[in-house]
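So you can see what is in the structure, the chains are spelled out below.
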Amino acid sequence: MAALLTVTDLAKSYGDVPILTSVTFELHSAQALALTGPNGSGKTTLLKCVAGADLPDSGEVRLNGEPFTESDPKARAAIACALDDADFFPELSVAEHLELFARAHGMPEPKAVVDDVVAELDLTDQRDQLPVTLSSGQRRRLTLGACLVRPRRLLILDEPEQRLDSAGRDWLARRLTDEKANGTAILLATHSEELTDAVADYEIDLGE
Ligand SMILES: Nc1ncnc2c1ncn2[C@@H]1O[C@H](COP(=O)(O)OP(=O)(O)OP(=O)(O)O)[C@@H](O)[C@H]1O
């Protein structure tokens, strides 16, 4: 079966400093790849290049064998990204924010989907709060929730475990395992060996 995501010979420098050199991998549906390595080793840079949020200097990223851009409707329908916790509409509550995502991506019964995800993320008491009033862990939950209220074939997650409490980290490992079981591919950057062991089918250490 053709890979969902193919990254070939990807390279990226900032100024004269090479960050990524010749990164090559394939990711199939129902598989998870963990990017690991120390601070500054290029994990976020690679995720951004794959998601189309940054441009590589050379190399190729293909979805289902086709090159794509961030604005390509097929890519937007397939790829759910959680790259940082700052991408909120400041004037929308937790539930409104999630419902907007669900509706924009054409989910049937968006209100029911949002109710389920809010409960699953333990944000029921915060559902009418604005993002600025959330704790940092609650903001992380909202960022992850925005990926879960919409269709997805590929999840791109930057350190999804960050700022979650231990119940939240347990939930994350279970949820990502379920996502794979449902056929979703997962590309994640992480500093957590536990999460890597629980979820990843293979690992690329960018520090090596
Ligand atoms: N826009 C930019 N301009 C210049 N340098 C950058 C830019 N973005 C990232 N870098 C540098 O690229 C390197 C890789 O950064 P990146 O954020 O990809 O690392 P990371 O592996 O995700 O690190 P961490 O584990 O700390 O999240 C770092 O040295 C960083 O300072």
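The rules behind these values
Residues numbered from 1 in each chain as written. Predicted model: local features only at pLDDT ≥ 70, side-chain atom pairs only at ≥ 80, totals over all residues. Pairing = 2+ DSSP bridges. Helix = DSSP H or I, 4+ residues; strand = E, 2+ residues; numbered from the N terminus. Axes fitted to C-alpha atoms, helices over the stretch in contact; angles between N-to-C directions. Parallel < 35°, antiparallel > 145°, perpendicular 65-115°, else oblique. Left-handed = near helix turned anticlockwise from the far one by under 90°. Contact = placed C-beta atoms within 7 Å. Nonpolar A, V, L, I, M, F, W, Y, C, P; charged D, E, K, R; others polar. Core = buried A, V, L, I, M, F, W, Y, C linked by C-beta atoms within 7 Å. Buried ≥ 20, exposed ≤ 12 C-beta atoms within 10 Å, placed from the backbone. UniProt positions renumbered as here; feature names shortened; annotations may be inferred.

### A word on the sheet that holds strand 2 (residues 17-27)
Within the open sheet, the four strands sit side by side as 2-1-4-5. Their pairing is antiparallel. Only two strands of the sheet have a single neighbouring strand rather than two, namely strand 2 and strand 5 (66-67). Judged from the seven bridges that link them, strand 1 (residues 5-14) and strand 2 form a sheet pairing that is antiparallel. Residue pairing for strand 2: Thr-6 is matched across the bridge by Glu-26.

### Re the packing of helix 3 (residues 94-104) against helix 5 (residues 136-148)
Closest axis-to-axis distance for the helix 3/helix 5 pair is 9 Å, and the angle between their directions is 25°. In terms of orientation, helix 3 lies roughly parallel with respect to helix 5. Helix 5 is crossed by helix 3, and the crossing has right-handed handedness. In this structure, helix 3 contributes Val-94, His-97, Leu-98 and Phe-101 to the contact, and helix 5 contributes Leu-142, Gly-145 and Ala-146. Class assignment for the residues of the contact of helix 3 with helix 5 results in five nonpolar, two polar and no charged.

### A look at the nonpolar core
By size, the foremost hydrophobic cluster in this structure holds 52 residues, and its most contacted members are Leu-98, Ile-156, Ile-186 and Leu-187. Those residues in contact with Leu-187, other than ones at most four positions away along the chain, are Leu-5, Leu-27, Leu-33, Leu-47, Val-50, Leu-154 and Ile-156.

### Quick notes on the UniProt feature "domain: ABC transporter" (unreviewed entry) in the chain
The positions that UniProt labels "domain: ABC transporter" (unreviewed entry) are, in the present scheme, residues 5-208. From the first C-alpha to the last, residues 5-208 spans 23 Å; its make-up is 36% helix and 25% strand.

### Details of the pairing of strand 3 (residues 32-36)
When you tally the buried positions in strand 3, you get five out of five residues, the bulk of the element. What you see with strand 3 is no split at all: Ala-32, Ala-34 and Thr-36 on one side and Leu-33 and Leu-35 on the other are buried throughout. Taken together, the four bridges between strand 3 and strand 8 (residues 185-189) define a ladder with parallel strand orientation. Bridge pairing links Leu-35 to Ala-189 in strand 8. Looking at chain direction, strand 3 and strand 9 (residues 202-205) are connected through four bridges and run parallel. Bridged to Ala-34 within strand 9 is Glu-203.

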